[in-house]
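Survey of secondary and tertiary structure
Residues per chain are reported as follows:
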Amino acid sequence: MSFLRRRKGTDSSKSQNLRCNIVKEDEKNNLYESPRKESYNAKKWSCWDSCCWFIGFVCSVWWFLLFLYNTMPASIPQYVTEAITGPLTDPPGVKLRKEGLTVNHPVVFVPGIVTGGLELWEGHQCAEGLFRKRLWGGSFGELYKRPLCWAQHMSLDNETGLDPPGIRVRPVSGLVAADYFAAGYFVWAVLIANLAQIGYEEKTMYMAAYDWRLSFQNTEVRDQTLSRIKSNIELMVATNGGKKVVVIPHSMGVLYFLHFMKWVEAPPPMGGGGGSEWCAKHIKAVMNIGGPFLGVPKSVSGLFSVEARDIAIARTFAPGFLDKDVFGLQTFQHLMRMTRTWDSTMSMIPKGGETIWGGLDWSPEGLSFNCGAKTLRNNSINNTDQIPNINLANMKNVNYGRIISFGKDVAEAHSSKIERVDLLHGVYMIIVDQQDSMKADMLANLTNCDIWIEYHDIGDHRIKAVADYKVYTAGSILDLLHFVSPKLMARGGAHFSYGIADNLDDPKYQHYKYWSNPLEMKLPDAPDMEIYSMYGVGIPTERAYVYKVTTATDCSIPFQIDTSAEGGSEDSCLKGGVFSADGDETVPVLSAGLMAAKGWRGKTRFNPSGIPTYIREYSHAPPANLLEGRGTQSGAHVDIMGNFALIEDVIRVAAGATGKELGGDHVYSDIFKWAERINLQL
C-alpha cells in the first residue's frame with residue numbers, strides 16, 4: 001500500500017509539475033490549452049499537407065459539380081443559359097435542315113498535328129497492360145502514371161524517324177480518332193454532329209487518321225496511309241452515285257493533303273499511280289481550315305527551345321523549375337528529346353524565306369497589328385461588317401521579318417546599328433578548330449546530365465556564337481536549326497523543302513520532299529475543283545521572338561524566350577518577348593491566306609488549271625460568359641471548329657453549293673494589301 005501510495009503521490013506530483021509547466025507556457029502565449037491538446041499540436045502542418053488538402057478540395061468540388069451537371073435534366077442548363085444570354089440560335093445543321101438541305105457529297109476529314117489519337121500495339125515492359133490503350137488523346141492517364149515510359153513510347157527513332165526497336169504506336173481509326181482531343185474538348189465532334197443533322201452518317205463521312213508524328217511520306221512507307229486514303233475516297237465516290245468528295249483538312253492536315261494530291265498523281269513506287277486526272281474525278285472541293293500553308297513561326301520556337309508564348313509565361317512563374325531534375329523528371333529536356341524525333345513538325349517551318357516573311361528591316365504586314373483592340377461580338381453569321389477602325393497614329397512599325405532576335409534592343413534597332421559576328425558558317429568553322437575547348441564542354445555536359453539532347457554536344461563557344469549572330473530571318477532560320485540540331489534537320493531535309501521554285505517544270509520537283517510546299521508544287525489539273533482557305537482573324541498570333549541565353553545549369557536548354565521584353569504600351573504587339581500579328585492564335589494570316597490571295601489566284605504557275613480559290617475569314621468573338629463554353633463565334637485555331645459560320649459554309653458546300661453561291665471571298669484582314677507587297681513571281 002505504501003508503494004501504491006508513493007507511486008500515486010509521485011504521479012500526482014509529476015502531473016502537478018507538468019500542469020504548472022503547461023500553465024506557464026500558456027501564460028507566455030496568452031492561451032490556455034490542456035496537455036492533451038498540446039500533444040495533438042506537436043505535429044507541424046507542412047506545406048505538402050496544405051497542397052494535398054487544397055488539391056483534394058478542388059477535385060471534390062469539381063467532381064460534385066460534374067455529377068450534378070450529368071444528373072440534372074438537360075433542360076435545366078439550357079434554361080439557365082437562355083435566361084442569361086437570351087434565346088439560343090439553332091445550330092447550323094438544324095437551321096439548314098429546315099431550309100431543305102440534305103446529304104449530298106461525301107465528306108473526308110483530315111486532322112492536324114496532335115489532335116489525332118494514338119494507341120499502343122507493342123511496347124517495352126514498363127508499358128505492360130496498355131495494349132491498344134491510348135497514349136495520346138483521351139484521358140492522358142498514362143502520362144500521369146508513368147511519364148518516363150510514356151515519353152519513351154511516344155518518341156520515334158532519332159536516326160530513321162520511324163519506330164524504335166520493340167515499340168509500335170499506331171493511329172486510332174474511325175471518327176473517334178479525332179472527334180474529341182480529350183474528354184469534353186471537341187475537335188471535329190461539333191462539325192460531325194451538325195452534318196448528321198442533315199442526314200450524314202459514317203458511310204458518308206471518313207476520318208483520314210494518320211500518325212501525325214511521322215513525315216508525310218513515311219506514313220505511306222510504314223502504314224500505307226496515303227494508299228488507304230486513296231482507296232477510301234474512291235470507295236465513297238463509287239458507293240454514293242459518283243458524287244465527288246468534299247475534303248476538309250485542318251491545321252497540319254492541310255499540308256498533309258497537299259502532299260497527298262501530288263502523291264496520288266505520281267507514278268509508283270514514289271506515288272500512288274492515280275494519274276493527272278485523279279483529283280478532277282474524285283474531289284469537288286478542298287476546304288482548308290487554319291492551314292499553315294507557308295509555315296508558322298511558332299514551329300521555330302518549338303524546335304529551338306520547346307517554347308511558345310504560353311510556356312514561356314509559365315516559366316516566369318516558376319523559373320528553372322521545369323528545367324531541373326524534379327522527382328527524376330527533367331520536363332523540358334524530355335519534351336525536347338521527344339518532339340525532335342517527330343519529323344512532321346519540320347513541315348511547318350516558314351517557307352519562302354525573306355521574299356514571303358520579310359527581312360531585317362521590312363515585313364509584308366507593315367504596320368503592326370493592334371493587339372490591344374477589343375473584338376466586338378457579332379451574332380449574325382452572314383454579317384460582313386469590318387473590324388472596328390484602328391488608330392494607326394498610335395502604332396509603329398514592327399520588324400516582323402526578324403523571327404528570332406537576341407535582345408529587345410536588337411529586335412527594334414535598324415539593321416545598320418546592329419553589330420553582328422561573321423556569317424554563321426564562318427563562326428562554325430572557327431569553332432570547329434577549337435577542338436580541346438569543345439571536348440571539354442562536351443565531357444562536362446555529358447557527365448552531369450542524365451537526359452541527352454543535342455544542345456549538350458554544342459559547347460559554350462557555339463552557344464555564344466548563336467547569340468552573337470543577333471538576328472535570324474526566315475532566310476537564316478534554316479542555318480540556325482542546322483547549327484543547333486543537325487540530326488533533326490538531316491532527316492527533315494530528306495522529306496521537306498522551304499524554298500520558292502524558279503522553274504516548276506524542273507524534274508527535281510517530282511520528288512516527294514517538295515509536295516507539301518505550295519511554292520514548289522503545282523496544283524492538280526482540276527479546273528472544276530474548288531479550294532477554300534478558311535481561318536480565324538482578330539487574335540494576336542505569334543510572329544517573332546526576343547530570346548536570351550540562359551545561365552542556369554549545364555543540363556538546361558541554353559536558349560529561352562525573354563519574357564521581360566515588353567513593348568511599353570497596352571496596344572503594343574511585343575508582350576512577354578513575343579511579337580504578335582493578326583491570325584488565329586497559331587497561324588498568322590500571312591501563312592493561311594497568301595496562296596489563296598495571290599499564289600493560286602487565277603491561272604498562275606502554281607495553279608496552271610485555274611482552280612477557283614476563295615478566302616473565308618471569321619472574325620474572332622470570344623464567348624460572353626462561361627455558359628457559352630468555347631463559343632460559337634470563335635476564330636481560335638481549334639475552337640473555330642465549333643464556329644457556326646464556318647460550319648454553315650462547310651455544310652452548304654457539302655450539300656452542293658459553290659464558292660460563288662457562298663458569296664465569294666469574305667475578308668476582314670489586309671491580306672490582299674500584304675500580298676501586293678510580296679514580290680512573288682506568278
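Conventions we followed
- Residues numbered from 1 in each chain as written.
- Predicted model: local features only at pLDDT ≥ 70, side-chain atom pairs only at ≥ 80, totals over all residues.
- Heavy atoms only, no water.
- Helix = DSSP H or I, 4+ residues; strand = E, 2+ residues; numbered from the N terminus.
- Contact = heavy atoms within 4.5 Å.
- Buried < 20%, exposed > 50% of the residue type's maximum accessible area, 1.4 Å probe, protein only.
- Pairing = 2+ DSSP bridges.
- Disulfide = S-S within 2.5 Å.
- Patch = residues over 30% accessible without salt bridge, like charges linked within 9 Å, V, L, I, M, F, W, Y side chains within 5 Å.
- Areas by Shrake-Rupley, 256 points an atom, 1.4 Å probe, with all protein chains shown as cover.
- Salt bridge = Lys/Arg side-chain N within 4 Å of Asp/Glu carboxyl O.
- Axes fitted to C-alpha atoms, helices over the stretch in contact; angles between N-to-C directions.
- Phe/Tyr/Trp six-rings, centres within 6.5 Å; stacked < 30°, edge-to-face > 60°.
- pLDDT = per-residue confidence, 0-100.

What to know about the overall build of the chain
- A count of helical and extended segments in the chain gives 26 helices and 17 strands.
- Put simply, 76% of the contacts in the chain that link residues at least 6 apart link residues at least 24 apart.

Section: the pairing of strand β9 (residues 283–289)
- Most of β9 sits inside the fold, with 7 of its 7 residues counted as buried.
- Two elements, strand β8 (residues 245–249) and β9, share 3 bridges in a ladder whose sense is parallel. Each bridged residue has a counterpart across the sheet, and for V247 the counterpart in β9 is V286.
- For β9 and strand β12 (residues 530–537), the ladder comprises 5 bridges, and the chain directions are parallel. Each residue of the ladder has a partner; that of I289, found in β12, is M534.

Quick look at the state of the cysteines
- For the structure on display, the rule yields 1 disulfide.
- Between the sulfur atoms of C126 and its disulfide mate C149 the distance is 2.1 Å. Around the S-S axis, the bridge from C126 to C149 shows a dihedral of about 80 degrees and counts as right-handed. Highlighted residues: C126 in the loop between β2 (118–122) and β3 (134–136) and C149 in helix α7 (residues 147–154), separated in sequence by 23 residues.
- A residue is classified by how much of its surface remains accessible, and C126, at 33% relative accessible area, is partly exposed.

Thoughts on a nonpolar patch on the surface
- A contiguous nonpolar surface patch, about 830 Å² in accessible area, is contributed by F54, I55, F57, V58, V61, F64, L65 and F67.
- When you line up the elements, L65 lands in helix α3 (residues 47–71).

Notes on the sheet that holds strand β1 (residues 107–110)
- Spatial strand order, β7-β1-β8-β9-β12-β17: 6 strands in an open sheet with parallel pairing. The sheet terminates laterally at β7 (205–207) and β17 (613–619), the two strands that pair on one side only. Across the sheet, the mean angle separating the axes of adjacent strands is 15 degrees when strand polarity is ignored.
- The pairing of β1 with β8 spans 4 bridges and is parallel. Bridge pairing in β8 places V108 opposite V247.
- On top of the sheet, helix α11 (residues 252–265) reaches β1, β8 and β9; it is set at about 150 degrees to β9, its chief contact.

Quick notes on the pattern of salt bridges
- Applying the stated rule across the entire model yields 24 salt bridges.
- Its salt-bridge partner being D163, residue R170 comes within 2.8 Å of it at the nearest N-O pair.
- For R616, the salt bridge is made with D649, and the minimal N-O distance between the two is 3.2 Å. Note that R616 is positioned in strand β17 and D649 in helix α24 (residues 644–654), a separation of 33 residues in sequence.

Things to note about unusual backbone geometry
- In this structure, P269 follows P268 across a cis peptide bond, with omega equal to 5 degrees.
- Mapping P269 onto the fold places it in the loop between α11 and α12 (278–282).
- Residues other than glycine seldom take positive phi values, yet V114 does so here, at roughly 65 degrees.
- Note on V114: relative accessible area 28%, which makes it partly exposed.
- In the Ramachandran plot, V306 falls in the positive-phi region, its phi being about 55 degrees despite a non-glycine side chain.
- Of note, V306 is situated in the loop between α13 (297–305) and α14 (309–317).
- On the basis of relative accessibility, which here comes to 6%, the residue V306 falls in the buried class.

Overview of the packing of aromatic side chains
- A complete count under the given rule lists 24 aromatic pairs for this structure.
- Between the aromatic rings of F216 and F496, the centroid separation amounts to 5.3 Å while the plane-to-plane angle is 90 degrees, which identifies the pairing as edge-to-face. Linking F216 in helix α9 (residues 216–223) with F496 in the loop between α22 (486–495) and β12, this pair joins segments that are 280 residues apart in sequence.
- One aromatic cluster is present, formed by W136, W150, F181, Y185, W212 and W342 through successive ring pairs.

Looking at the confidence of the model for the chain
- Mean pLDDT over the chain works out to 82, with 75% of the residues at or above the 70 mark.
- Scored below 50 in pLDDT, residues 1–16 makes 0 contacts in the model with residues more than four places away or belonging to other chains.
- The low-confidence segment residues 325–329 (pLDDT under 50) makes 9 contacts with residues lying over four places distant or belonging to another chain.

Here's the deal with the pairing of strand β13 (residues 539–549)
- Along β13, 8 of the 11 residues are buried, which leaves the element largely enclosed by surrounding structure.
- Both strand β10 (residues 404–406) and β13 contribute to a ladder of 3 bridges, which runs parallel. Residue pairing in the sheet places F406 in a bridge with Y547 of β13.
- Summarising the sheet, β13 and strand β16 (residues 578–583) pair through 6 bridges and their orientation is antiparallel. From the neighbouring strand, I539 faces β16, where its bridge partner is G583.

Here we look at the sheet that holds β3
- Taken in spatial order, the 3 strands line up as β3-β2-β4 in an open sheet, and their pairing is antiparallel. The sheet is open, and its two edges are formed by β3 and β4 (168–171), each paired on a single side. Ignoring which end each strand starts from, the neighbouring axes of this sheet average 45 degrees apart.
- Pairing of β2 with β4 involves 4 bridges; the strand directions are antiparallel. The partner of E119 across the bridge, within β4, is R170.
- Lying on the sheet, α7 is in contact with β2, β3 and β4; it crosses β3 at an angle near 80 degrees.

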